[in-house]
Amino acid sequence: MAGGARRGAEGRKRRRDRGGAADGLSARGRGWPARTGARRQPRSPNLGGAAAAPGPGPWSGPAGADGERGRPAAPAPLRPGLQSSGPGGGALARAGAQLLWSAWSATVERRTHGLAAGFRSPLLWSTQDLGTELALKEIMSSGGAEDDIPQAERKTVTDFCYLLDKSKQLFNGLRDLPQYGQKQWQSYFGRTFDVYTKLWKFQQQHRQVLDNRYGLKRWQIGEIASKIGQLYYHYYLRTSETSYLNEAFSFYSAIRQRSYYSQVNKEDRPELVVKKLRYYARFIVVCLLLNKMDVVKDLVKELSDEIEDYTHRFNTEDQVEWNLVLQEVAAFIEADPVMVLNDDNTIVITSNRLSETGAPLLEQGMIVGQLALADALIIGNCNNQVKFSELTIDMFRMLQALEREPMNLASQMNKPGMQESTEKPARRENPHKYLLYKPTFSQLYTFLAASFKELPANSVLLIYLSATGVFPSGRSDSEGPYDFGGVLTNSNRDIINGDAIHKRNQSYKEMHCLHPGDLYPFTRKPLFIIVDSSNSVAYKNFTNLFGQPLVCLLSPTAYPKALQDQSQRGSLFTLFLNNPLMAFLFVSGLSSMRRGLWEKCQDYLRKINRDIAQLLTHSRSIDQSFLQFFGDEFLRLLLTRFIFCSATMRMHKIFRQETRNYPESYPQLPRDETVENPHLQKHILELASILDVRNVFLENTLDDY
């Protein structure tokens, strides 16, 4: 990246010396993602954050003139406008542009047909754009225009059209990549990145010629930058590497700073305005994932103004859908139940990704397994929950809990004691993730099988289920793995071969219910399950058939009435796993806190986590599965947070009314050594004292059992 920055700076200097426009955006040259460490693709490159889910994606927005919902919009070919300085040059340019447009569109159509055939024809990429050449010759031979345009400039326009055409074909082909598999997608991504690198640098180096001879507009430059941002976002989805989110943010931010789309509203073309609105929606998703909430708020305001202008000017039918986008993102921003405030009452943005000091360290004498979390399926189907496109707030929170903070290599190298070292900091990978919003049973099982097949040795597959509970319809004579119900992963009507059908026999079990028995085949390898549902207890009846490490963390099946009204803002159980201090404040009745006190409580919570780790690893009666998973940082943090959550709820007065208000686990934890340990209870009371909320907790809980 340092070399890329130097080359970018030198390129900008050369362009300033030539008098050309220097954008300052670099396609990063060698910095394009081409790593071979990524094992497999996480999900479909459709615009939705969920690979198997229907509906619009988080960066697609409502269906518009340039594409259908939930699919990457096929960009309309840019309409060139060559200019001539000779007599009658304007009319010649317009006529020539029409010829060039027709020939080029026909070429795009032919190549798109070849694209669908799977890139088997070598002529697809080796043949120059013949339509463009013919159209240019027609322009040049009319009225002496050929003599006015030098050969080099004519070639520049031809090469640009070819690169633009090829980049669009490759980008649109992303949707055809397999949704799962090994590394089939990597070579295709490499080609796409390479072409966009060339295209971006080409338009930078030849901006003046393209302005004069091609009629290049700023919104067209913005479209190229937007596609590069989308490529980086795609790469993040497939690799779970948060550094690529920062790259996507850089390009999206530059589009906004340079006002590439500022002139779109002056053109009477609604499809161009839709491109601009989609850009805003994509930028918002990236900012949400990076916790740049201050930028999100500015973008939402700008998007609101753009939507109002768009619907007023064109009177379109998608006004309701765009307004729904605004409502969703506004609710998403306000989902956190507690605000952390600076001294000037501005809101502090807290990050819940794994930091260097996040998980309790393994101390000498702790005997734990060497398993590592490699894959995670994050599944969401909560209809009444806050969401933005295909990402519910619960899915978002679990996604963040399974990622590390992006690591700045430059700042790491500048730390004291590292100046003399030539070794780079150790690279720490995030577990690979699939985000599945409302998948059907067949879709979910397909992704499960793909993850299971490619799981490396000594690795763990995590399944997170945030979904509505499905309860058994009546008493059963047996108590098998399909007799306790499960969770509903897709609440749509049953679909067979694309056609919706209605149930004729109510005795049938729900087709899209995931029962505990459905996961039995995957227990042949280490499996870590988190179920956040009103019927999570169905997974207490698990059976470990193959002896591999297996743990299920189960949410309460009901919450006290005082907390039920907040369910739209996300599950309390998942909030504890994502941000335990915020969840603790929420159940204590606090809605805001000063930053200084927040940081003090975070320090104390880290101490609690260290003590929980000692309690768990020194327990003599704990199931060995917990210890097998405890060697992985992510799983260790989830386990300590689960125990903290369970202990907090058992001590809280309003949770003591029913046992179903408590989290459970399979295998069961030894309560007296973990969730009801007096030492841990004392810590929770001390934390409550710091916050001055000790009155909501019971003092002598052991005496009540």
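Further up the page is the structure itself.
The shown structure was predicted, so the numbers you read here are calculated from the model rather than taken from an experiment.

Peer 1: Lay out a nonpolar patch on the surface in plain terms, naming residues and giving numbers.
Peer 2: Judged by side-chain polarity, Met339, Ile347 and Ile349 come together as a nonpolar surface patch covering roughly 240 Å² of accessible area. With respect to the helices, strands and loops of the structure, Met339 is situated in strand β1 (residues 339-341).

Peer 1: Report on the packing of aromatic side chains, specifying residues and quantitative values.
Peer 2: Geometrically, a pair of aromatic rings is defined through the distance of the ring centres and the angle of the planes. Within this structure, the stated rule accounts for 34 aromatic pairs. With a centroid separation of 6.2 Å and 75 degrees between ring planes, the pair formed by Trp200 and Phe251 is classed as edge-to-face. With Trp200 in helix α7 (residues 184-205) and Phe251 in helix α10 (residues 243-257), the pair connects residues that are 51 residues apart, well separated along the chain. Across the pair, exposure class does not vary: Trp200 and Phe251 are buried alike.

Peer 1: Talk me through the side chain of Thr392; I want residue IDs and the actual numbers.
Peer 2: Tracing the backbone shows Thr392 in strand β4 (residues 391-392). Not counting chain neighbours up to four residues away, the residues in contact with Thr392 comprise Phe332, Gln385, Val386, Lys387 and Tyr437.

Peer 1: How would you explain the packing of helix α6 (residues 151-172) against helix α9 (residues 218-239) if you had to name every residue and give the values?
Peer 2: For the pair α6 and α9, interaxial distance at closest approach is 12 Å and the crossing angle is 35 degrees. The chirality of how α6 crosses α9 is left-handed. Mapping the contact onto sequence places Phe160, Leu164 and Phe171 in α6 and Ile224, Lys227, Gln230 and Leu231 in α9. The class makeup of the residues in the contact of α6 with α9 is five nonpolar, one polar and one charged.

Peer 1: Help me get a handle on the environment of Thr446, residues and values and all.
Peer 2: Checked against the element boundaries, Thr446 lands in helix α16 (residues 441-454). Residue Thr446 is classed as partly exposed on the basis of its relative accessible area of 30%.

Peer 1: I'd like a rundown of the environment of Arg595, residues and numbers included.
Peer 2: Note on placement: Arg595 falls in helix α20 (residues 595-617). In contact with Arg595, other than residues within four places in its own chain, are Val340, Leu341, Asn342 and Val348. At a separation of 3.3 Å, a polar atom in the side chain of Arg595 contacts the side chain of Asn342.

Peer 1: Go over the pattern of salt bridges with me, naming the residues and quoting the values.
Peer 2: According to the stated counting rule, one finds 22 salt bridges in the structure shown. Its salt-bridge partner being Lys276, residue Glu306 comes within 2.9 Å of it at the nearest N-O pair. Here Glu306 is found in helix α12 (residues 293-314), whereas its partner Lys276 is found in helix α11 (residues 270-289), with 30 residues between them in sequence. We note that Glu306, like Lys276, is buried. Note that Glu599 is salt-bridged to Arg595, the shortest N-O span being 3.1 Å.

Cut-offs and rules
Residues numbered from 1 in each chain as written. Predicted model: local features only at pLDDT ≥ 70, side-chain atom pairs only at ≥ 80, totals over all residues. Heavy atoms only, no water. Patch = residues over 30% accessible without salt bridge, like charges linked within 9 Å, V, L, I, M, F, W, Y side chains within 5 Å. Areas by Shrake-Rupley, 256 points an atom, 1.4 Å probe, with all protein chains shown as cover. Salt bridge = Lys/Arg side-chain N within 4 Å of Asp/Glu carboxyl O. Helix = DSSP H or I, 4+ residues; strand = E, 2+ residues; numbered from the N terminus. Phe/Tyr/Trp six-rings, centres within 6.5 Å; stacked < 30°, edge-to-face > 60°. Buried < 20%, exposed > 50% of the residue type's maximum accessible area, 1.4 Å probe, protein only. Contact = heavy atoms within 4.5 Å. Axes fitted to C-alpha atoms, helices over the stretch in contact; angles between N-to-C directions. Left-handed = near helix turned anticlockwise from the far one by under 90°. Nonpolar A, V, L, I, M, F, W, Y, C, P; charged D, E, K, R; others polar. Polar contact = N/O pair within 3.5 Å; in protein donor to acceptor, adjacent residues only side chain to side chain.

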